[in-house]
Amino acid sequence: MNPAAAVRGPKHVVTKGATPVLSPAEARKLLASIDTGALAGLRDRALLSVMLYSFARVSAVLGMRRQDYFGQANRAWLRLHEKGGKRHDVPAHHRAAAALDAYVEAGGLEEPKAALFQTMDPAGRRLTGRALDRRLVLAMIKRRASAAGLPPSTCCHTFRATGITAYLSNGGTLEHAQQIAGHASPKTTKLYDRTADTVTVDEIERIVI
């Protein structure tokens, strides 16, 4: 028998995620840098806006159909299909709704069951009817971030974390952030919160030597 078999070391508890987060100014800069004179630009701005303003996972956004962006009680809504087949309805932020409206109109998206976010034809003028995949979205984000002079670490999850951090920084509650994000536990939502980062920087600068 191993006499040390019953000995257990301290449990490692993760309290902060590693997802890179943009500041509100950086997020605005990225969205504003996208050329919306082309259909691809309208699509990309709408996709990033949905992830940013609804805290949605990229897989949930790419799984959306045209019918998952709908009006109800004089408000635009998003229907996200999350892990485990769960359906999650979220009111659309007015900025996300404006971006979606412009994209949907320009793309002529009318078929209810058509993929909401589609690939473009080789000429970049029309949608193909085929849904975007995560690989293409990540490449698009890297390209757009580079063009806007943002960190190369910017990724799909960045927009979820950025939205949650901005919400909490503006007085939102962890409980409601959890509800919007569709998390089962507030501990998961807290991993995306970077509001303490600013406090840490401010306090560390008090060390005057």
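It should be emphasised that the depicted structure is a prediction, and the values quoted were computed from it without experimental measurement.

### Topic: the side chain of Asp44
Turning to step 1, where the next piece is worked out: Mapped onto the elements, Asp44 comes out in helix H2 (residues 39–54).
Turning to step 2, where the next piece is worked out: With a relative accessible area of 0%, Asp44 lands in the buried category.
Turning to step 3, where the next piece is worked out: A distance of 2.7 Å separates polar atoms of two side chains, one belonging to Asp44 and the other to Arg144.
Turning to step 4, where the next piece is worked out: If we skip the residues at most four places from it in the chain, Asp44 touches Ile34, Met140, Arg143 and Arg144.

### Here's the deal with the packing of aromatic side chains
Turning to step 1, where the next piece is worked out: Applying the stated criterion to the full structure yields two aromatic pairs.
Turning to step 2, where the next piece is worked out: A ring pair is formed by Phe55 and Tyr167, whose centres lie 6.0 Å apart and whose planes are at 65°; its orientation type is edge-to-face. Here Phe55 is found in the loop between H2 and helix H3 (58–62), whereas its partner Tyr167 is found in helix H6 (residues 156–169), with 112 residues between them in sequence.
Turning to step 3, where the next piece is worked out: Take Phe55: its relative accessible area is 4%, and that puts it in the buried class.
Turning to step 4, where the next piece is worked out: Note on Tyr167: relative accessible area 24%, which makes it partly exposed.
Turning to step 5, where the next piece is worked out: Ring centres of Tyr103 and Phe117 lie 5.6 Å apart, and the angle between their planes is 5°; this geometry places the pair in the stacked category. Separated by 14 residues along the polypeptide, Tyr103 in helix H4 (residues 94–107) and Phe117 in the loop between H4 and strand E4 (118–120) bring together distant segments of the chain.
Turning to step 6, where the next piece is worked out: With relative accessibility at 0%, the residue Phe117 sits in the buried group.

### Some thoughts on the nonpolar core
Turning to step 1, where the next piece is worked out: Core analysis: the largest hydrophobic core is formed by 44 residues, its most contacted members being Leu47, Leu48, Tyr69, Tyr103, Leu116, Phe117 and Val137.
Turning to step 2, where the next piece is worked out: If you list the elements that add at least two residues to this core, you get helix H1 (24–33), H2, H3, strand E2 (75–81), H4, helix H5 (134–147) and H6.
Turning to step 3, where the next piece is worked out: Considering every element that reaches this core, the biggest residue donor is H2, with eight residues.
Turning to step 4, where the next piece is worked out: Among residues more than four places away in sequence, those in contact with Val137 are Leu47, Val58, Leu62, Leu132 and Cys156.

### Re the layout of surface pockets
Turning to step 1, where the next piece is worked out: There is about 680 Å³ of room inside the largest pocket.
Turning to step 2, where the next piece is worked out: Lining the largest pocket are 28 residues, with Ser49, Leu52, Tyr53, His93 and Arg95 sitting closest to its centre.
Turning to step 3, where the next piece is worked out: Mapped by element, the contributors of at least two residues to the lining of the largest pocket are H1, H2, strand E3 (87–91), H4, H6 and helix H7 (174–181).
Turning to step 4, where the next piece is worked out: Its residues placed into classes, the lining of the largest pocket shows 15 nonpolar, eight polar and five charged.

### A word on unusual backbone geometry
Apart from glycine, the bulk of residues carry a negative phi angle, and the bulk of peptide bonds sit in the trans form.
Turning to step 1, where the next piece is worked out: For Ala73, which is not glycine, the phi dihedral falls at a positive 55°.
Turning to step 2, where the next piece is worked out: Relative to the assigned elements, Ala73 resides in the loop between strand E1 (69–72) and E2.
Turning to step 3, where the next piece is worked out: For Ala73, a relative accessible area of 72% corresponds to the exposed category.
Turning to step 4, where the next piece is worked out: Positive phi, normally seen in glycine, also occurs at Asn74, with a value near 60°.
Turning to step 5, where the next piece is worked out: Considering the arrangement of structural elements, one finds Asn74 in the loop between E1 and E2.

### Thoughts on the sheet that holds E2
Turning to step 1, where the next piece is worked out: The antiparallel open sheet is built from three strands, whose spatial order is E1-E2-E3. Every other strand in the sheet has two partners, leaving E1 and E3 as the edge strands with one partner each. Taking each pair of neighbouring strands and ignoring which way they run, the sheet shows an average axis angle of 35°.
Turning to step 2, where the next piece is worked out: As judged from the four bridges shared by E1 and E2, these two strands associate in the antiparallel manner. Paired with Gly71 across the strands is Ala76, a residue of E2.

### Things to note about H5
Since one α-helical turn is 3.6 residues long, residues separated by three or four positions face the same way.
Turning to step 1, where the next piece is worked out: The end-to-end C-alpha separation of H5 is 20 Å, in line with the 20 Å expected for 14 residues at 1.5 Å each.
Turning to step 2, where the next piece is worked out: Considered for burial, the residues of H5 that qualify are Val137, Met140, Ile141, Arg144 and Ala145. Viewed along the axis of H5, the buried residues span an arc of 125°, placing them on a single side of the element. In this structure, H5 carries Arg135, Ser146 and Ala147 as exposed residues pointing more than 90 degrees from its buried face.
Turning to step 3, where the next piece is worked out: Residues of H5 that are buried sit in contact with H1, H2, H3 and H6.

Thresholds, definitions, all that
- Residues numbered from 1 in each chain as written.
- Predicted model: local features only at pLDDT ≥ 70, side-chain atom pairs only at ≥ 80, totals over all residues.
- Heavy atoms only, no water.
- Helix = DSSP H or I, 4+ residues; strand = E, 2+ residues; numbered from the N terminus.
- Buried < 20%, exposed > 50% of the residue type's maximum accessible area, 1.4 Å probe, protein only.
- Polar contact = N/O pair within 3.5 Å; in protein donor to acceptor, adjacent residues only side chain to side chain.
- Contact = heavy atoms within 4.5 Å.
- Phe/Tyr/Trp six-rings, centres within 6.5 Å; stacked < 30°, edge-to-face > 60°.
- Core = buried A, V, L, I, M, F, W, Y, C linked by side-chain atoms within 4.5 Å.
- 1 Å grid on protein atoms, 1.4 Å probe; cavity = no way out; pocket = protein on both sides within 12 Å on 5 of 7 lines; lining within 4 Å.
- Points joined across faces, edges and corners; volume = space filled by probe spheres on them.
- Nonpolar A, V, L, I, M, F, W, Y, C, P; charged D, E, K, R; others polar.
- Pairing = 2+ DSSP bridges.
- Axes fitted to C-alpha atoms, helices over the stretch in contact; angles between N-to-C directions.
- Expected span 1.5 Å × (residues − 1).
- Arc of directions from axis to C-beta.

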